[in-house]
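Listed below are the residues making up each chain.
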Amino acid sequence: MKLSDFKAIGVRRFYEMEPGSIFRATIQDIQPGKVIIRLGDGELYTARSMVLPPAHIGEDCLFGVKENDFRGKIILEVVKSGTKFSFDMRV
């Protein structure tokens, strides 16, 4: 699985993603308790996190949709080098 195999998505597609979908986004900022990602259309989203991702600010990462209730609660996983880290992303 390579980053180039996946598209950077926009905000509309983000809200419609089914569990199991994978997309590419850029880590914009990492702070204690949260990670901010930038989607392909430039929109920023903040994910609450209990762990620091194995990534750096400015790095493109693959994110997998673990859950989506289609009412604003989306749970993502960072997929990198075969390791997954869960984030509870509420948008």
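In this text the structure is predicted, and so the values were computed from the model without any measurement. (Residues numbered from 1 in each chain as written. Predicted model: local features only at pLDDT ≥ 70, side-chain atom pairs only at ≥ 80, totals over all residues. Heavy atoms only, no water.)

Student: Which residues make up the overall build of the protein chain, and what values do they have?
Tutor: In terms of helices and strands, the protein chain carries 1 helix and 6 strands. Put simply, the protein chain runs from its N terminus to its C terminus through helices and strands in the order α-β-β-β-β-β-β. Looking at the protein chain as a whole, 35% of its 91 residues qualify as buried. Sequence-distant contacts in the protein chain: of pairs separated by 6 or more residues, those separated by 24 or more amount to 49%. Here the protein chain displays about 5300 Å² of accessible surface, and carbon together with sulfur accounts for 51% of that area. (Helix = DSSP H or I, 4+ residues; strand = E, 2+ residues; numbered from the N terminus. Buried < 20%, exposed > 50% of the residue type's maximum accessible area, 1.4 Å probe, protein only. Contact = heavy atoms within 4.5 Å. Areas by Shrake-Rupley, 256 points an atom, 1.4 Å probe, with all protein chains shown as cover.)

Student: Give me the lowdown on the pairing of strand S2 (residues 34-38), citing residues and values where you can.
Tutor: Of the pairings in the sheet, the one linking strand S1 (residues 22-31) to S2 comprises 5 bridges and is antiparallel in character. From the neighbouring strand, aspartate 29 faces S2, where its bridge partner is isoleucine 36. Where S1 folds back on S2, the antiparallel hairpin that results is connected by 2 residues, among which glycine 33 adopts a positive phi of roughly 85°. The pairing of S2 with strand S3 (residues 44-48) spans 5 bridges and is antiparallel. Residue pairing in the sheet places valine 35 in a bridge with alanine 47 of S3. (Pairing = 2+ DSSP bridges.)

Student: Quick rundown of the nonpolar core? Include the residues and the values.
Tutor: The biggest cluster of nonpolar side chains holds 17 residues, and the ones touching the most others in it are Phe14, Phe23, Ile27, Ile37, Leu39, Phe63 and Leu76. Those elements that provide at least two residues to this core are S1, S2, strand S4 (60-68) and strand S5 (73-80). (Core = buried A, V, L, I, M, F, W, Y, C linked by side-chain atoms within 4.5 Å.)

Student: Tell me about the side chain of asparagine 68, and please be specific about residues and values.
Tutor: Tracing the sequence through the fold places asparagine 68 in strand S4. Asparagine 68 gets classed as buried once you look at its relative accessible area, which sits at 10%. Within the structure, the side chain of asparagine 68 is placed 2.7 Å from the backbone nitrogen of phenylalanine 70, a separation counted as a polar contact. In this view, asparagine 68 contacts Phe14, Tyr15, Glu16, Met17, Pro19, Lys73 and Ile74; residues no more than four positions away in its chain are not counted. (Polar contact = N/O pair within 3.5 Å; in protein donor to acceptor, adjacent residues only side chain to side chain.)

Student: Explain the confidence of the model for the protein chain to me, and be specific about the residues and the numbers.
Tutor: Here the protein chain averages 78 in pLDDT, while 76% of its residues score no lower than 70. The least confident element of the protein chain is strand S6 (residues 83-90), whose mean pLDDT is 57; the most confident is S1, at 90. (pLDDT = per-residue confidence, 0-100.)

Student: Mind laying out the environment of tyrosine 45, listing which residues take part and the relevant values?
Tutor: The topology assignment puts tyrosine 45 in strand S3. Sequence-wise, tyrosine 45 and isoleucine 27 are 18 residues apart; in three dimensions their C-alpha atoms are separated by 10.0 Å.

Student: Explain the packing of aromatic side chains to me, and be specific about the residues and the numbers.
Tutor: Enumeration according to the criterion identifies 1 aromatic pair in this entry. An angle of 20° between the planes, with centres 5.6 Å apart, marks the rings of phenylalanine 23 and phenylalanine 63 as stacked. Here phenylalanine 63 lies in strand S4 and phenylalanine 23 lies in strand S1, a separation of 40 residues in the sequence. Grouping residues by exposure puts phenylalanine 23 and phenylalanine 63 together as buried. (Phe/Tyr/Trp six-rings, centres within 6.5 Å; stacked < 30°, edge-to-face > 60°.)

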